[in-house]
Amino acid sequence: MKNIDWKNLPFGYVKTDYNVRCYFRDGKWGELEVCSSEQITMHMAATCLHYGQAAFEGLKAYRGKDDKVRLFRWEENCKRLKLSAETILMEPVPEKIFKEACFKVVQLNSEYIPPYGTGGSLYLRPLLIGTGAKVGVSPADEYLFMIFVTPVGPYFKEGFKPVKMQIVKDFDRAAPMGTGHAKVGGNYAASLRAGDRAHKEGFAASIFADAKTKTMIDEAGPANFFGIKDGKYITPDSSSILQSITNMSIRQIATELGLTVERRHVMLDELSTFEEAGACGTAAVISPIGLIQDRETGKEYVYSKDGQPGPWSTKLYKYLTGVQYGEMEDKFNWCEEVRLT
Ligand SMILES: Cc1ncc(COP(=O)(O)O)c(C=O)c1O
């Protein structure tokens, strides 16, 4: 085990020993390669640099109570990377290569998987980029798929404590018929200005209103939004948000715990009616939202007065993390063990 301050890990980059890479050249994927360099060498006219042919994923491996290492729902990340690749005309990564890469990179860097009980995990960052040279706007004919890993703590420094978020209407992250449903770099570039301003104004993230009508909730920074009221778990249905794997899992947990799940348009007007609100994602896990400010009107919606998460958010969080850390039965078969020897 590496000498790292596991309990105080931020959500940031820590150098590990190895990454894995696979190249698509001459119309086919090659063998998976193990690499110890943090650098990528590529042609200066690579399409990822100029035309945004870049997609990524994010998933985590957890060291459990029983010391087993579990990878959470990697098949779903593989499917979504395929969707992202198809959305921006890149070569999809075959499931066999994706799986081999995930398991191998965790095994190779096992000393960086945070110990059980520290709240940390090993974050896997699969990346798919167009490396072929093009000057006219067109898809590349060569691609690089790679995964690096880094040990992480909570995305929001608050951890499982309510955060403040800000609704923005003067910046858009994604258009309804654009690429918002895919995990492609351009969406994140488009979200930077709003996120940066929100941070400067004292908020953890910005919540984007839908680009077309500015009346509904779209994406909550790097996560999906949810609200809870009257025994219902309510989360936006939108063509321009990422289909969060965490949200997908929480919807199943919510049903299991007796909540009714509604996936539909969530109007900004409805914010005042929620008993609890939160953001969910691999990085955010479940981040309760204590306050939402509508930047345009200045109106504030308060969901936590005592600085504590609400009861449903807490139950959902305990169930989800319980499965991930092997404390609870994995009845949906979400985890796959990564054998280290
Ligand atoms: C924009 C955005 N929305 C939602 C999510 C949550 O998706 P997932 O739960 O699959 O990590 C992410 C990634 O974490 C994201 O970047």
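Residues numbered from 1 in each chain as written. Predicted model: local features only at pLDDT ≥ 70, side-chain atom pairs only at ≥ 80, totals over all residues. Heavy atoms only, no water.

Engineer: I tried to follow the domain arrangement of the protein on my own but got confused; where do I start?
Structural biologist: Much of the literature gives interface size as the accessible area that the parts lose upon coming together. Under the domain assignment used here, the protein contains domain 1 (6-152) and domain 2 (163-324). The centre of domain 1, based on its C-alpha atoms, is set 26 Å off from the matching centre of domain 2. The interface of domain 1 with domain 2 comprises 20 residues on the first partner and 20 residues on the second. A buried area of about 1,700 Å², summed over both sides, lies between domain 1 and domain 2, and 63% of it is on carbon and sulfur atoms. (Domains from an automatic or database assignment. Contact = heavy atoms within 4.5 Å. Buried area = accessible area lost by both parts, 1.4 Å probe.)

Engineer: Sorry, what's going on with the side chain of Ser244 here?
Structural biologist: Relative to the elements of secondary structure, Ser244 occurs in the loop between strand 13 (232-236) and helix 5 (245-256). On the basis of relative accessible area, Ser244 is assigned to the buried category, the value being 8%. Separated by 3.2 Å, the side chain of Ser244 and the backbone nitrogen of Thr246 make a polar contact. Once you skip the residues sitting within four places of it in the chain, Ser244 turns out to touch Arg80, Asn224, Cys280 and Gly281. (Helix = DSSP H or I, 4+ residues; strand = E, 2+ residues; numbered from the N terminus. Buried < 20%, exposed > 50% of the residue type's maximum accessible area, 1.4 Å probe, protein only. Polar contact = N/O pair within 3.5 Å; in protein donor to acceptor, adjacent residues only side chain to side chain.)

Engineer: Explanation requested: the packing of helix 5 against helix 6 (residues 311-324) in the structure shown.
Structural biologist: One can describe the packing of helix 5 onto helix 6 by two numbers: an axis separation of 10 Å at closest approach and a directional angle of 115 degrees. Taken as axis vectors, helix 5 and helix 6 run roughly perpendicular relative to one another. Along this stretch, helix 5 crosses helix 6, giving a crossing that reads as right-handed. The residues of helix 6 that touch helix 5, namely those facing Thr246, Ser249, Ile250, Ile253, Ala254 and Glu256, are Leu316, Tyr319 and Leu320. Residues belonging to the contact of helix 5 with helix 6 are distributed by class as follows: 6 nonpolar, 2 polar and 1 charged. (Axes fitted to C-alpha atoms, helices over the stretch in contact; angles between N-to-C directions. Parallel < 35°, antiparallel > 145°, perpendicular 65-115°, else oblique. Left-handed = near helix turned anticlockwise from the far one by under 90°. Nonpolar A, V, L, I, M, F, W, Y, C, P; charged D, E, K, R; others polar.)

Engineer: What should I look at first to understand the packing of aromatic side chains in this one?
Structural biologist: For any two aromatic rings, the description comes down to two numbers: the centre-to-centre distance and the angle of the planes. Overall, the coordinates contain 16 aromatic pairs when judged by the stated rule. On the basis of an interplanar angle of 80 degrees and a centroid distance of 5.1 Å, the ring pair of Tyr62 and Tyr325 is categorised as edge-to-face. With Tyr62 in strand 5 (residues 59-63) and Tyr325 in the loop between helix 6 and strand 18 (335-337), this pair connects stretches of sequence that are 263 residues apart. The class of Tyr62 is buried, set by a relative accessible area of 5%. With 6.3 Å between their ring centres and 90 degrees between their planes, Trp74 and Phe103 make a pair best called edge-to-face. Note that Trp74 is positioned in helix 2 (residues 74-87) and Phe103 in helix 3 (residues 95-108), a separation of 29 residues in sequence. Owing to a relative accessible area of 10%, Phe103 belongs among the buried residues under this scheme. An aromatic cluster is built from Phe11, Tyr123, Tyr155 and Phe156, whose rings are joined through pairwise contacts. One Lys or Arg, Lys99, reaches over the ring of Phe103 and ends 5.3 Å from the middle of that ring. Sitting over the face of the ring of Trp312, Lys315 holds its NZ or CZ atom 4.2 Å from the ring centroid. (Phe/Tyr/Trp six-rings, centres within 6.5 Å; stacked < 30°, edge-to-face > 60°. Lys NZ or Arg CZ within 6 Å of the ring centre and 35° of its normal.)

Engineer: Looking at this structure, I do not really get unusual backbone geometry. What am I missing?
Structural biologist: Trans peptide bonds make up most of the peptide bonds, and negative phi angles are found at most residues other than glycine. Its identity as a non-glycine residue notwithstanding, Asp67 has a phi of 70 degrees, on the positive side. For Asp67, the location among the structural elements is in the loop between strand 5 and strand 6 (69-72). Residues other than glycine seldom take positive phi values, yet Arg73 does so here, at roughly 50 degrees. With respect to the helices and strands, Arg73 occurs in the loop between strand 6 and helix 2.

Engineer: Even after reading the chapter, I still don't get the pattern of salt bridges, so can you show me in this structure?
Structural biologist: Taken as a whole and judged by the stated rule, the model has 20 salt bridges. Salt-bridge contacts for Asp141 lead to Lys134; the nearest nitrogen and oxygen are separated by 3.7 Å. With a closest N to O distance of 3.7 Å, Lys232 and Glu262 form a salt bridge. With a gap of 30 residues between them, Lys232 in strand 13 and Glu262 in strand 14 (residues 260-264) connect regions that are remote in the sequence. (Salt bridge = Lys/Arg side-chain N within 4 Å of Asp/Glu carboxyl O.)

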